[in-house]
Amino acid sequence: MKIIINADDFGYSKGINYGIFEAHKNGVLTSTTLMTGMPGAEHAAAMMKEIPKMGVGLHLNTALGKPGNFKRKTLTDENGFFIKPDKVLELGIDYNEDELYDELKEQFLRFMELTKQKPTHLDSHLFSSDKLEKVKKIALILADEYRIPLRNHETGYYEKVRFINHRDFGGIPGLEYVAENFDEIIKNKYVEIMTHPGYADTYVMRNSSYNMMRAEELDFLTGDRMKELVERNKAELVNYADIINEIKK
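On a predicted model such as this, the values are computed, not experimentally measured, just so you know. (Residues numbered from 1 in each chain as written. Predicted model: local features only at pLDDT ≥ 70, side-chain atom pairs only at ≥ 80, totals over all residues. Heavy atoms only, no water.)

Here we look at the overall build of the chain
- The helix and strand tally for the chain stands at twelve helices and seven strands.
- In terms of overall size, the chain behaves like a compact globule, its C-alpha atoms giving a radius of gyration of 17 Å where 249 residues would be expected to give roughly 18 Å.
- In the chain, 72% of the contacts between residues at least 6 apart in sequence involve partners at least 24 apart.
- The chain carries 34 positive and 40 negative side-chain charges, and their two centres are separated by 3 Å. (Helix = DSSP H or I, 4+ residues; strand = E, 2+ residues; numbered from the N terminus. Rg over C-alpha atoms; globule rule 2.2 N^0.38 Å. Contact = heavy atoms within 4.5 Å. Lys, Arg positive; Asp, Glu negative; His and termini not counted. Charge placed at Lys NZ, Arg CZ, Asp CG, Glu CD.)

Okay, structure coming up:
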């Protein structure tokens, strides 16, 4: 079986970037997804030159910070900030699809401008493309337009890779569930495991409730326990670019 171990939030901050870098260089991390509108985006793109074997996708964002174009009023609150998906659902906010497409397409083009390459795949911050139907619709349009996978969805070109996180195994945050349920996880042919490694720098501490847990996830991804599980079970660590030709429909 083949496992994609993906780190969300590349570009969130320098502390997150350094943690993702270490989790790949000294651990089992194979993939990440870049947030193009965050303070560490340019730093992350520059860092990619030192980790050419790591797959890098696009972390679509309608949940944190501000859009590239402040005129996208249906996507933001009165202060111009994106509204978190749960709040969108609670308030019954109706995104304008043209604004949404323009924003997500801009993030895609910004990714290619920063990295000089196409993302290996798409996913979304705070599960926007799973929770919000219009975000899912636009994300699938982009996935189809550029012929790349979208996390947790089957597209016109690629079957769905089995996506798992802690919510599937008891809901306790962190990565211990991976070790505790590895026998169940490896029953799947292709799996993506979502992770959030990083160092808790000032920006993370001020802006993310998931802060110190990122350092704990980094310890797990670079520790012997996970490496031994992978080796003992002959699991192959890959990224989306590695398996994309195998799972074309």
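Focus on the packing of aromatic side chains
- A complete count under the given rule lists four aromatic pairs for this structure.
- Pairing phenylalanine 127 with phenylalanine 163 gives two aromatic rings, centres 6.4 Å apart and planes at 55°, and the pair type is tilted. Separated by 36 residues along the polypeptide, phenylalanine 127 in the loop between β4 (122-124) and α5 (128-131) and phenylalanine 163 in strand β5 (residues 162-164) bring together distant segments of the chain.
- Taking the relative accessible area as the measure of exposure, phenylalanine 163 reaches 7% and is therefore buried.
- When the ring of phenylalanine 169 is compared with that of tyrosine 177, the centres are 5.6 Å apart and the planes differ by 20°; the resulting orientation is stacked.
- Judged by relative accessible area, which is 22%, phenylalanine 169 ranks as partly exposed. (Phe/Tyr/Trp six-rings, centres within 6.5 Å; stacked < 30°, edge-to-face > 60°. Buried < 20%, exposed > 50% of the residue type's maximum accessible area, 1.4 Å probe, protein only.)

Topic: the environment of alanine 44
- By the element assignment, alanine 44 lies in helix α2 (residues 41-47).
- On the accessibility criterion, alanine 44 (0% relative accessible area) is buried.
- Along the chain, alanine 44 and isoleucine 148 lie 104 residues apart, while their C-alpha atoms are 21 Å from each other.
- Every residue in contact with alanine 44, bar those within four places of it in the chain, is listed here: Phe10, Gly11, Asn17 and Leu34.

Some thoughts on the packing of helix α1 (residues 14-25) against helix α10 (residues 212-222)
- Orientation of α1 relative to α10, taken along the N-to-C sense of each, is 15°, at an axis distance of 9 Å. Looking at the two axes, α1 sits roughly parallel to α10. Judged by the sense of rotation from one axis to the other, the crossing of α1 with α10 is left-handed. Taken together, the residues of α10 that come into contact with α1 (itself represented by Ile16, Gly19, Glu22 and Ala23) are Arg214, Leu218, Leu221 and Thr222.
- Its residues placed into classes, the contact of α1 with α10 shows four nonpolar, two polar and two charged. (Axes fitted to C-alpha atoms, helices over the stretch in contact; angles between N-to-C directions. Parallel < 35°, antiparallel > 145°, perpendicular 65-115°, else oblique. Left-handed = near helix turned anticlockwise from the far one by under 90°. Nonpolar A, V, L, I, M, F, W, Y, C, P; charged D, E, K, R; others polar.)

Focus: the pairing of strand β3 (residues 55-60)
- In terms of burial, β3 is largely enclosed, as six of its six residues are buried.
- Here four bridges tie strand β2 (residues 31-34) to β3, and the two strands are oriented parallel to one another. Within β3, the residue paired with serine 31 across the bridge is glycine 55.
- Taking the sense of rotation as the criterion, the β-α-β connection linking β2, α2 and β3 turns out right-handed.
- Sheet analysis places β3 next to β4, joined by three bridges and oriented parallel. Bridge pairing in β4 links leucine 58 to leucine 122. (Pairing = 2+ DSSP bridges. Right-handed = clockwise from strand over helix to strand, strands pointing away.)

A look at the nonpolar core
- Residues Phe10, Leu29, Leu122, Val178, Ile193, Leu221 and Met226 are the most contacted members of the largest nonpolar core, which totals 62 residues.
- At six residues, the largest contribution of residues to this core is made by helix α6 (residues 133-146).
- In this structure, Ile4, Val161, Tyr190 and Ile243 belong to the second largest nonpolar core, which totals six residues. (Core = buried A, V, L, I, M, F, W, Y, C linked by side-chain atoms within 4.5 Å.)

Here's the deal with the environment of glutamate 50
- Structurally, the position occupied by glutamate 50 is in the loop between α2 and β3.
- In sequence terms glutamate 50 and lysine 25 are 25 residues apart; their C-alpha atoms lie 9.4 Å from each other.
- Setting aside chain neighbours within four positions, we find glutamate 50 in contact with Phe21 and Lys25.

Considerations on the pattern of salt bridges
- Here the structure, examined in full by the defined rule, presents 17 salt bridges.
- Lysine 131 serves as the salt-bridge partner of aspartate 86, at 2.9 Å between the closest nitrogen and oxygen. Taken together, the residues span a long stretch of sequence, with aspartate 86 in helix α3 (residues 85-91) and lysine 131 in helix α5 at a distance of 45 residues.
- Take aspartate 86: its relative accessible area is 49%, and that puts it in the partly exposed class.
- Across the salt bridge formed by arginine 151 and aspartate 123, the nearest N and O atoms sit 3.1 Å from each other. Separated by 28 residues along the polypeptide, arginine 151 in the loop between α6 and β5 and aspartate 123 in strand β4 bring together distant segments of the chain.
- Residue classification places arginine 151 among the buried positions, given a relative accessible area of 3%.
- Classification of aspartate 123 by relative accessible area gives buried; the value is 0%.
- Beyond isolated ion pairs, a larger network of salt bridges with shared partners links Asp8, Asp123, Arg151 and Glu192. (Salt bridge = Lys/Arg side-chain N within 4 Å of Asp/Glu carboxyl O.)

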